[in-house]
Number of protein chains: 4
Amino acid sequence: MQADGSIDIPAIAPMLAHLVDQGVDGLFALGTTGEGRHLTDGERRAVAEAVLAEAGDVPVIIHVGHNSMVAAAELAAHAASHGAAGISISPPSFHAVTTVESLIACYQGVCAAVPELPVYHYHIPSLSGCTVQPSAFLAAAATALPNLRGIKFTDESMMEVQRCQQVAEGRFQVGFGRDEQVVAALPYGVDWFIGSTYSVITPWFRELMAAFAAGDLVAARAHQQRVVDLVAIMQCHQGGPAVLKAMLAALGVPCGQARPPLPHYGQAELAAIASELRELF
Amino acid sequence: MQADGSIDIPAIAPMLAHLVDQGVDGLFALGTTGEGRHLTDGERRAVAEAVLAEAGDVPVIIHVGHNSMVAAAELAAHAASHGAAGISISPPSFHAVTTVESLIACYQGVCAAVPELPVYHYHIPSLSGCTVQPSAFLAAAATALPNLRGIKFTDESMMEVQRCQQVAEGRFQVGFGRDEQVVAALPYGVDWFIGSTYSVITPWFRELMAAFAAGDLVAARAHQQRVVDLVAIMQCHQGGPAVLKAMLAALGVPCGQARPPLPHYGQAELAAIASELRELF
Amino acid sequence: MQADGSIDIPAIAPMLAHLVDQGVDGLFALGTTGEGRHLTDGERRAVAEAVLAEAGDVPVIIHVGHNSMVAAAELAAHAASHGAAGISISPPSFHAVTTVESLIACYQGVCAAVPELPVYHYHIPSLSGCTVQPSAFLAAAATALPNLRGIKFTDESMMEVQRCQQVAEGRFQVGFGRDEQVVAALPYGVDWFIGSTYSVITPWFRELMAAFAAGDLVAARAHQQRVVDLVAIMQCHQGGPAVLKAMLAALGVPCGQARPPLPHYGQAELAAIASELRELF
Amino acid sequence: MQADGSIDIPAIAPMLAHLVDQGVDGLFALGTTGEGRHLTDGERRAVAEAVLAEAGDVPVIIHVGHNSMVAAAELAAHAASHGAAGISISPPSFHAVTTVESLIACYQGVCAAVPELPVYHYHIPSLSGCTVQPSAFLAAAATALPNLRGIKFTDESMMEVQRCQQVAEGRFQVGFGRDEQVVAALPYGVDWFIGSTYSVITPWFRELMAAFAAGDLVAARAHQQRVVDLVAIMQCHQGGPAVLKAMLAALGVPCGQARPPLPHYGQAELAAIASELRELF
């Protein structure tokens, strides 16, 4: 965002360069941290086009979660036509979705709009309010949504992660989105990790995973503890995506501030976030 | 909506005729029942234009609640330019709004987009997840949001209604939106009533209010009981706006079915709703 | 309570005298404000005996809500043998009760222990966590619990109050327990009112009810507003029953402080409560 | 329990023999599964005495969670005088505990009643409703509650487990109580595991832990999956402790049925549970 709150398209290229530099395997754009929901549909299309144009060989998933599933389907088709590698979707959050049938109905139009692309269910009940058990959804989606290909699981229940994996059996991928407990997800052998903090500390996670793979749990926990400390900064300043933008700026990747309802920080709070972040490096 | 789910603009005129026939004093378009959030912004503009063109002298409030406050401001400006009498707004529901400051920040752009129009805060915590105490918001908005003019209070707490009234003191209007407990709101002397069931049973409310004004509480309760019985039908079929559309069709005002995540009914369930409704008339 | 936290039996007689002086029609002992759940069963019996011995002709309901329904039944039998006019009961709160069948099962032993006494369901979902719809419970209890006689309804939903009244039809009484919105309950003609603030401001409610009966809604609301202001003090100091004890002391009826988890106040906070209370008189 | 609902003391010895046979390192009595809260205080004492008398060398923790912290302190002192190795406590659940200060105040009497014994905070927010962050509580308890020695962590958040461990640093032990995600807890190196399903399938957990220690994550997950399948039976019959009693009976360890509000099963449902359990062995 620019200082007046409008979208800063030229800032996208350096941000992508930073992310690729961090060592990510792919990009997930316009999600929770990317504030897709806070943009107009026109702005979402402009950002998607810029990201897809600049990403080069790096695969990009575009998130199209929206209160209007018709608008989400339009955004998905637009992303497909500009080269997205996949689509992520979450259900409306005003009328909370509570049944498998309703969730399937929500996603039917989006999936039909991009029949050639993999679609991923973004499970984040703490924000979406969607109480549908994800493993039950996947079981039903196996036939109802032919191109649904997996789930971004952003919740704490590892039992439910395992249930999703049991349903998945090659049909679905199960990715994990609670960066603060990656150590808990590693023994489950989840397929991938997508989360907000990878924007700033992907190298820590690479070390964490290497330590776990080497059987060094003490080191893995120590790396995870650093992530927990970073998440504590995000919680302390009350607004994850807003804090991450301040952190990116502190790391030399200016990306402006978040839109309401996320907080807008004054200079003092921006400086505090930068200083707290520096202590972790 | 048409059978294929697209917007049925020609159906709007007969629906407005029906509503005016019911005896309403004004119209509230694209709210919860009007499914504004389930439309694309383009569809919302098209519906707003049609309603404003057909409404004649009847004042119209356009609801612009949205996850994107930038999109909401654009919709508000559009409605103003087409003759809306007022704007209704509710905050984003993905990141739930929890502080007065955040709610003020959310509404600043919308209010600024229509400086000449009254703006109303739509308080419906059961759906929006907004936990901000409305009386505290009104107290802060008195100076922060010059054209905020009142609140549509859709919650059960009558103590909070009274607190809003105490803050209002001529500066704000307090309207009530829980049709199922109008008898509880009448002693408070609220300024107006806006709700979903007025689309089908406004005459019952006229009788209810007349009975209350005449001091006949027994009759007022009896009228309210009929409303409660109608609300029971809505709850039984799990999806208020979807049931109301089926009821309107049963009363000769076809308006199609609701969009996901609201339920889509088969013929048997549509017939059941119609039959249950007939028993109340 | 005494300063060391133990029960102060001699303090009960003057408190009852104060309550009768306030103009109450009956007494409700060991409920939420009376902190029955924070006492041992032995202490509950001692308090019940003292209240029943001192109450004279004033009818007394003893509340026996407990996590153990066996203990509750024993307390009910004890109260009956000492002259209680009725028993109030609420379900266990650790495993929250969510079905009508479970709530009936909970109350069967208590009702059977006092077959000659009326038993009242204390509906206070904000504390008990019991999500059972009270009207559905009453409908089932009509045959399943012969001596269940009514409900103390401490919630905001006036639609549900009306549903309870519809089921009641002479079989049950519906009493109301949200003192802060008595004006909302009066048009429904509920059978009685039981609440915490009657301990200190019963005369205000007498005036409120008289104004309402005389059709003077402006005066009724003004009286209700004073109650709302008093409730605001209780909320501000975070702990209704603890604040009420401080208020009683300020009114010359010392009754010690509350037990954990309710707050224990220092001298400064006790003085603040007393001062805020005085401003309302 | 006996068929009439009363306590079946003679059934305790064979149950303890079964548990020791399962290979447990210690006993945790009168907790959630043991239904301590559904017993009268007299019954709790009788059960505690029997367990402590029969346990021999096996260390026993007695859970004293109660709505009355005075009663809890009495139960703790009683358990100490009969040889308990430790005390477990959780806060009142009617007035939910929401601040560190309140939780400390709740536990002060219990800790003081057994100064020579280790006391453990039973963190199970899904049932207790206690929203206090356990790591913040431990930090405060380090000085405020000298004999508080650890936490039984029964929640899904592994980030919070790690935070508790960071605070613990030798001063506290962190045990884990979500049997359905032990695989997630093992990388954290928690101090011990206490849960309900160990009553019937401790050997599976021994195998799970051995597989994890050997670095065989595939096998560890397979063992965990069996636990998840067992938990699914418990969830399906809606009432964990009640289902566990039916399972124990099916395994030849009759222990009667649960008390309200937990469900009471008919013969058909008991047979279904037994049959579903057999399929897992």
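Residues numbered from 1 in each chain as written. Chains lettered and ligands numbered in written order. Predicted model: local features only at pLDDT ≥ 70, side-chain atom pairs only at ≥ 80, totals over all residues. Heavy atoms only, no water.

1. Comments concerning the overall build of chain A
Counting its regular elements, chain A contains 12 helices and seven strands. Relative to a compact globule of 281 residues, whose C-alpha radius of gyration would be 19 Å, chain A shows 18 Å and is just as compact. Counting only C-alpha atoms and orienting by the principal axes, one finds that chain A spans roughly 50 × 50 × 35 Å. Considering chain A as a whole, with its 281 residues, one finds that 58% of them fall into the buried category. The long-range fraction of contacts in chain A, counting pairs at least 24 apart against all pairs at least 6 apart in sequence, stands at 68%. (Helix = DSSP H or I, 4+ residues; strand = E, 2+ residues; numbered from the N terminus. Rg over C-alpha atoms; globule rule 2.2 N^0.38 Å. Buried < 20%, exposed > 50% of the residue type's maximum accessible area, 1.4 Å probe, protein only. Contact = heavy atoms within 4.5 Å.)

2. Brief notes about the relation of the copies chain A and chain B
Relating the two copies of this chain is a rotation about some axis coupled with a shift parallel to it. Screw-axis analysis of chain A against chain B gives a translation of 0.0 Å along the axis, an RMSD of 0.0 Å, and a rotation angle of 180°. What we have between these two chains is a two-fold relation. By C-alpha distance to the rotation axis, the residue of chain A lying nearest is S93 of chain A, at 3.0 Å. Both copies present the same face, since 100% of the interface residues in chain A are matched by interface residues at the equivalent positions in chain B. (Least-squares fit on C-alpha atoms with pLDDT ≥ 70 in both.)

3. Digging into the arrangement of the chains
With no contact formed, the shortest span from any C-alpha in chain A to any C-alpha in chain C equals 17 Å. These two, chain B and chain D, are apart from each other, with no contact and a minimum C-alpha gap of 17 Å.

4. What to know about the nonpolar core
In this structure, I62 of chain B together with I62 of chain C are the most contacted members of the largest nonpolar core, which totals 186 residues. Residues contacting I62 of chain B, with those up to four places away along its chain left out, are A29, L30, A48, L52, A79, A84, G86, I87 and S88 of chain B. The next biggest cluster of nonpolar side chains, apart from the first, holds 185 residues, and it includes A29, V64, V114 and A242 of chain A. (Core = buried A, V, L, I, M, F, W, Y, C linked by side-chain atoms within 4.5 Å.)

5. Quick look at the environment of F176 of chain A
All names here are of chain A. With respect to the secondary-structure elements, F176 resides in strand β6 (residues 173-176). Residue F176 is classed as buried on the basis of its relative accessible area, which comes to 0%. Setting aside its immediate chain neighbours within four residues, F176 contacts F153, D155, M158, V161, Q181, A185, V190, W192, F193 and I194.

6. Concerning the domain arrangement of chain A
All names here are of chain A. Here the domain parsing of chain A yields domain 1 (1-196) and domain 2 (202-281). Placing the centre of domain 1 and that of domain 2 at their C-alpha centroids yields a distance of 21 Å. Facing the 28 residues of domain 1 at the interface are 28 residues of domain 2. Of the roughly 2100 Å² buried between domain 1 and domain 2 on both sides combined, carbon and sulfur atoms contribute 63%. Inspection of the region where domain 1 meets domain 2 yields three salt bridges. In this structure, the salt-bridge partner of D25 is R206, at a minimum N-O distance of 3.3 Å. Taken together, domain 1 and domain 2 are joined by 13 residue pairs in polar contact (both at pLDDT 80 or more). Those elements giving two or more residues to the side of domain 1 that touches domain 2 turn out to be α1 (12-22) and α8 (182-185). (Domains from an automatic or database assignment. Buried area = accessible area lost by both parts, 1.4 Å probe. Salt bridge = Lys/Arg side-chain N within 4 Å of Asp/Glu carboxyl O. Polar contact = N/O pair within 3.5 Å; in protein donor to acceptor, adjacent residues only side chain to side chain.)

7. With respect to the pattern of salt bridges
Under the defined criterion, the tally for this structure stands at 24 salt bridges over all chains. Residue R178 of chain A is joined to E180 of chain A by a salt bridge in which the shortest nitrogen-to-oxygen separation is 3.9 Å. Overall, E180 of chain A belongs to the buried group, its relative accessible area being 13%. Measuring nitrogen to oxygen at the nearest pair gives 2.6 Å for the salt bridge that ties R178 of chain D to E156 of chain D. Residue R178 of chain D is found in the loop between β6 (173-176) and α8 (182-185), and its partner E156 of chain D is found in the loop between β5 (148-153) and α7 (158-168); the two are separated by 22 residues along the sequence. With relative accessibility at 23%, the residue E156 of chain D sits in the partly exposed group. A single salt-bridge network, built from bridges that share partners, covers E156, R178 and E180 of chain A.

8. A few points about the confidence of the model for chain A
Overall, the predicted model of chain A reaches an average pLDDT of 97, with 100% of residues at or above 70. This prediction of the complex comes with two scores: 0.97 for pTM and 0.97 for ipTM. (pLDDT = per-residue confidence, 0-100.)

9. Digging into the sheet that holds strand β1 (residues 27-29) of chain C
Residue and element names in this part refer to chain C. The seven strands are arranged β1-β2-β3-β4-β5-β6-β7 in an open sheet whose pairing can be described as parallel. Strands with a single pairing partner mark the edges of an open sheet, and in this sheet they are β1 and β7 (192-193). The strands that helix α7 (residues 158-168) touches are β5 (148-153) and β6 (173-176); relative to β6, the one it contacts most, it runs at about 160°. (Pairing = 2+ DSSP bridges. Axes fitted to C-alpha atoms, helices over the stretch in contact; angles between N-to-C directions.)

10. Remarks on the packing of aromatic side chains
In this description, a pair of aromatic rings is defined by centroid distance and the angle of the planes. A complete count under the given rule lists 24 aromatic pairs over all chains for this structure. Seen in terms of ring centroids, F28 of chain B and Y122 of chain B are 5.8 Å apart; in terms of plane orientation they differ by 85°. Their pairing is edge-to-face. Taken together, the positions of F28 of chain B in strand β1 (residues 27-29) and Y122 of chain B in strand β4 (residues 119-123) put the pair 94 residues apart, joining distant regions of the chain. Owing to a relative accessible area of 5%, Y122 of chain B belongs among the buried residues under this scheme. Residue placement shows R37 of chain A over the ring face of F94 of chain B; its charged tip is 3.5 Å from the ring centre. The residue whose ring lies beneath K152 of chain B is F28 of chain B, and the NZ or CZ to ring-centre distance is 5.8 Å. (Phe/Tyr/Trp six-rings, centres within 6.5 Å; stacked < 30°, edge-to-face > 60°. Lys NZ or Arg CZ within 6 Å of the ring centre and 35° of its normal.)

11. Thoughts on unusual backbone geometry
For residues that are not glycine, phi is negative in most cases, and the peptide bond is trans in most cases. Of the consecutive residues P260 of chain B and P261 of chain B, the connecting peptide bond is found in the cis state with omega at 10°. Inspection of the secondary structure puts P261 of chain B in the loop between α11 (240-250) and α12 (267-280). One non-glycine residue, E35 of chain D, lies in the positive phi region at around 60°. On the secondary structure map, E35 of chain D appears in the loop between β1 (27-29) and α2 (41-54). Phi is positive for E169 of chain D, which is not a glycine, with a value near 40°. Of note, E169 of chain D is situated in the loop between α7 and β6. Taking relative accessible area as the criterion, E169 of chain D reaches 70% and is therefore assigned exposed.

12. Remarks on the sheet that holds strand β5 (residues 148-153) of chain B
Residue and element names in this part refer to chain B. Spatial ordering of the open sheet is given by β1-β2-β3-β4-β5-β6-β7, a layout of seven strands whose pairing is parallel. Pairing within the sheet leaves two strands with one partner each, and these edge strands are β1 and β7 (192-193). Where strand β2 (residues 60-63) meets strand β3 (residues 86-89), three bridges bridge the pair, whose relative direction is parallel. Note on β3: the bridge partner recorded for H63 is S88. Its contacts with the sheet put helix α6 (residues 134-144) on β4 and β5, and the angle it makes with β5 is roughly 175°.

13. Regarding helix α7 (residues 158-168) of chain B
For α7 of chain B, the buried fraction is high: nine of the 11 residues fall into the buried class. Three or more residues of α7 of chain B are buried, namely M158, M159, E160, V161, Q162, R163, C164, Q165 and A168 of chain B. Packed against the buried residues of α7 of chain B are α6, β5, β6 (173-176) and α8 (182-185) of chain B together with α8 (182-185) and α10 (217-236) of chain C. Backbone geometry just downstream of α7 of chain B places E169 of chain B in the positive-phi region, at approximately 40°.

14. Remarks on the relation of the copies chain A and chain D
Of the transformation placing chain A onto chain D, the axial shift is 0.0 Å and the rotation is 180°, giving an RMSD of 0.0 Å. With an isologous cut-off of 70% or more, the 100% of interface residues of chain A that recur at the interface of chain D puts this contact in the isologous class.

15. Observations regarding the state of the cysteines
In a disulfide, the sulfur atoms of two cysteines are covalently bonded to one another. In this structure the tally under the stated criterion is zero disulfides over all chains. Cysteine C236 of chain A is unpaired, with the sulfur of C164 of chain D as its nearest cysteine sulfur at 19 Å. There is no disulfide at C130 of chain C, and the cysteine sulfur nearest it, in C106 of chain C, is 8.2 Å away. Since its relative accessible area comes to 4%, C130 of chain C is described here as buried. (Disulfide = S-S within 2.5 Å.)

16. Some thoughts on α10 of chain C
When the terminal C-alpha atoms of α10 of chain C are compared, their 28 Å separation across 20 residues agrees well with the 28 Å that a helix rising 1.5 Å per residue should span. When α10 of chain C is considered as a whole, its buried residues turn out to be A220, H223, Q224, Q225, V227, V228, L230, V231, I233 and M234 of chain C. Check the buried side of α10 of chain C and you find it contacts α7 of chain B together with α8, α9 (198-213), α11 (240-250) and α12 (267-280) of chain C. Just beyond α10 of chain C, the residue with positive phi is Q238 of chain C, at close to 50°. (Expected span 1.5 Å × (residues − 1).)

17. Some details on the interface of chain A and chain D
In this assembly, 25 residues from chain A lie in contact with 25 residues from chain D. Of the roughly 2200 Å² buried where chain A meets chain D, counting both sides, 56% is carbon and sulfur surface. Among the residues chain A hides against chain D, the three largest losses belong to M159, Q162 and P187 of chain A. Together they make up 26% of the total. Summed over the shared surface of chain A and chain D, the number is zero salt bridges. Where chain A touches chain D, the interface holds 11 residue pairs in polar contact (both at pLDDT 80 or more). Going through the elements one at a time, α7 (158-168), α8 and α10 (217-236) of chain A are the ones with two or more residues in the side of chain A that touches chain D. In terms of residues, the side of chain A that touches chain D owes the most to one element, α10 of chain A, which gives nine residues. Taken together, the residues that form the side of chain A that touches chain D break down as 12 nonpolar, eight polar and five charged. (Nonpolar A, V, L, I, M, F, W, Y, C, P; charged D, E, K, R; others polar.)

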